[in-house]
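Single-letter residue listing:
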Amino acid sequence: MQSDDYIFIDGFKHIRYKQKTYSLEEMKNRSENYFKWIDNRRSVREFSEKHIPIDIIENIIKSASTAPSGANKQPWTFCLVQNKVLKKKIRDAAEKEERISYSDRMSNEWLDDLKHLGTNENKAFLETAPYLIVVFKRPYEIDFDGNKHQNYYVNESVGLACGFLISAIHNAGLVTLTHTPSPMRFLEKILDRPSNERAYLLLPIGYEAEKTYVPNIHRKSLNEVMKLY
Ligand code: IYR
C-alpha cells in the first residue's frame, strides 16, 4: 500500500496539505466580504461588564496561537485575567504610568496627534471589561538545565499573533483595543511571569458599553497604501 499522505525530508515528516480553493467569482465575493467585515472593526474604549463564557475566550486565544512564528517557536504567552483584584491592580499600575506619560513623557506633538482619539490617563476599561488578555513575548526559552535558547523574529511573530487575536475577537462579535501602557514591566510583576517573558500588549475584551462612540477616523485609500510594480 502506497500513500502520498506524507513524505520524509531530512528525516522529518511532512504531511500533505491542500488549501481549499474557490471559483474566481467566489474569490471575488469572499475577498470583498472579508474586507467589508474587517473594515467594520474598531478599537473600543468603553466596555460593558457583561459576563462572557470562558470557552469563547479560549477559542479566541487558540486562534491567535495559530499565527506563523520564527522557526515555529510560538514565542508567546496569553495571560487571561478575569480576577477582579488583579484587574484593579493592573488598572492602578497602568494609570500610574499613564499619568506620568501624559503629563511628562509624551511630546507635545505626540499629545496633539492623539487629541482626535480622545484618550487620556483614565483606563476604566481595565476594570469594566470582563477579561484582560496580557500578551507576553518570549525572547528565549530556558531548558531544564537552565540553558537559554533564542527565539527568532520574536516581535514580528507576537505582532502577528496579536493581529490574529484581534481578528478572532471581532469574529466572535466582541470588542477590544490595543493598550500599551509604557513602561509596561509592571505586568510581569503583577502576573508573576518567568524571567524569559516581557509584556508586549494589553487587550481588554468584552461587549461594548450600552451606547458607545468611536472617533470618526478613516482608513487610508488603496492608492495610498499600495504601489503596483
Ligand atoms: N499609551 C497611551 C497613549 C496612546 C498612545 C498611542 I501611539 C495611541 O494610539 C493611543 C494612546 C494610552 O493608552 O492612552
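Right, let's walk through the structure included here. Bear in mind that the values here come from a model prediction, so they are computed numbers and not experimental data. (Residues numbered from 1 in each chain as written. Predicted model: local features only at pLDDT ≥ 70, side-chain atom pairs only at ≥ 80, totals over all residues. Heavy atoms only, no water.)

1. Considerations on the site of the ligand
Step number 1: Around the ligand lies a shell formed by E98, Y102, M106, W110, L114, N120, K123, H179 and T180.
Step number 2: Within the side chain of E98, an N or O atom sits 3.1 Å from an oxygen atom of the ligand.
Step number 3: Here an oxygen atom of the ligand and a side-chain polar atom of H179 are 3.2 Å apart.
Step number 4: Isolated, the ligand exposes 370 Å² of accessible area, and the fraction of that covered by the protein chains is 69%.
Step number 5: A majority-of-atoms criterion places the ligand in the largest pocket.
Step number 6: Of all the elements in the fold, those that place two or more residues in the shell around the ligand are α3 (84-105) and α4 (108-114).
Step number 7: In terms of residue class, the shell around the ligand is made up of four nonpolar, three polar and two charged. (Near = heavy atom within 4 Å. Polar contact = N/O pair within 3.5 Å; in protein donor to acceptor, adjacent residues only side chain to side chain. Areas by Shrake-Rupley, 256 points an atom, 1.4 Å probe, with all protein chains shown as cover. 1 Å grid on protein atoms, 1.4 Å probe; cavity = no way out; pocket = protein on both sides within 12 Å on 5 of 7 lines; lining within 4 Å. Sits in = over half its atoms within 2 Å of the grid points. Helix = DSSP H or I, 4+ residues; strand = E, 2+ residues; numbered from the N terminus. Nonpolar A, V, L, I, M, F, W, Y, C, P; charged D, E, K, R; others polar.)

2. Side note on α3
Step number 1: For α3, spanning 22 residues, the distance from its first C-alpha to its last is 29 Å, which sits close to the expected 32 Å at 1.5 Å a residue.
Step number 2: Looking at α3, one finds that the buried residues are K87, I90, R91, A93, A94, E95, E97, E98, S101 and Y102.
Step number 3: Next to the buried residues of α3 lie β3 (76-81), α4, α5 (125-128), β4 (131-137), α7 (186-190) and β8 (198-206).
Step number 4: Two or three places before V85, at the opening of α3, N83 has a side-chain oxygen 2.9 Å from that residue's backbone nitrogen. (Expected span 1.5 Å × (residues − 1). Buried < 20%, exposed > 50% of the residue type's maximum accessible area, 1.4 Å probe, protein only. Contact = heavy atoms within 4.5 Å.)

3. Examining the packing of aromatic side chains
Step number 1: Using the criterion set out here, one finds three aromatic pairs in the structure.
Step number 2: Judged by centre distance (6.1 Å) and plane angle (85 degrees), the rings of Y6 and F8 are edge-to-face.
Step number 3: F8 gets classed as exposed once you look at its relative accessible area, which sits at 53%.
Step number 4: Above the ring of Y6, the side-chain terminus of K13 is found at 4.2 Å from the ring centroid.
Step number 5: The side chain of K148 reaches across the aromatic face of Y140, ending 4.7 Å from its centre. (Phe/Tyr/Trp six-rings, centres within 6.5 Å; stacked < 30°, edge-to-face > 60°. Lys NZ or Arg CZ within 6 Å of the ring centre and 35° of its normal.)

4. As for the sheet that holds strand β7 (residues 175-176)
Step number 1: If you walk across this open sheet you meet the four strands as β3-β4-β8-β7, and the pairing is antiparallel. For this open sheet the edge positions go to β3 and β7, each flanked by a neighbour on one side alone.
Step number 2: Here β4 runs beside β8; their pairing, made up of seven bridges, is antiparallel. Along β8, the bridge assignment pairs V135 with L201.
Step number 3: Against the sheet, α3 engages β3, β4 and β8, with an angle of about 110 degrees to β3.
Step number 4: Across the sheet, helix α6 (residues 154-171) lies against β3, β4, β7 and β8, angled at about 5 degrees from β8, the strand it touches most. (Pairing = 2+ DSSP bridges. Axes fitted to C-alpha atoms, helices over the stretch in contact; angles between N-to-C directions.)

5. Thoughts on the layout of surface pockets
Step number 1: Estimated volume of the largest pocket: approximately 380 Å³.
Step number 2: Around the largest pocket, the lining is made up of 19 residues, and of these E98, Y102, W110, L114 and T180 lie nearest the centre.
Step number 3: For the lining of the largest pocket, the secondary structure elements donating two or more residues are α3 and α4.
Step number 4: Counting residues per element, the lining of the largest pocket draws most heavily on α3, at four residues.
Step number 5: In terms of residue class, the lining of the largest pocket is built from seven nonpolar, seven polar and five charged.
Step number 6: What the second largest pocket holds in volume is close to 290 Å³. (Points joined across faces, edges and corners; volume = space filled by probe spheres on them.)

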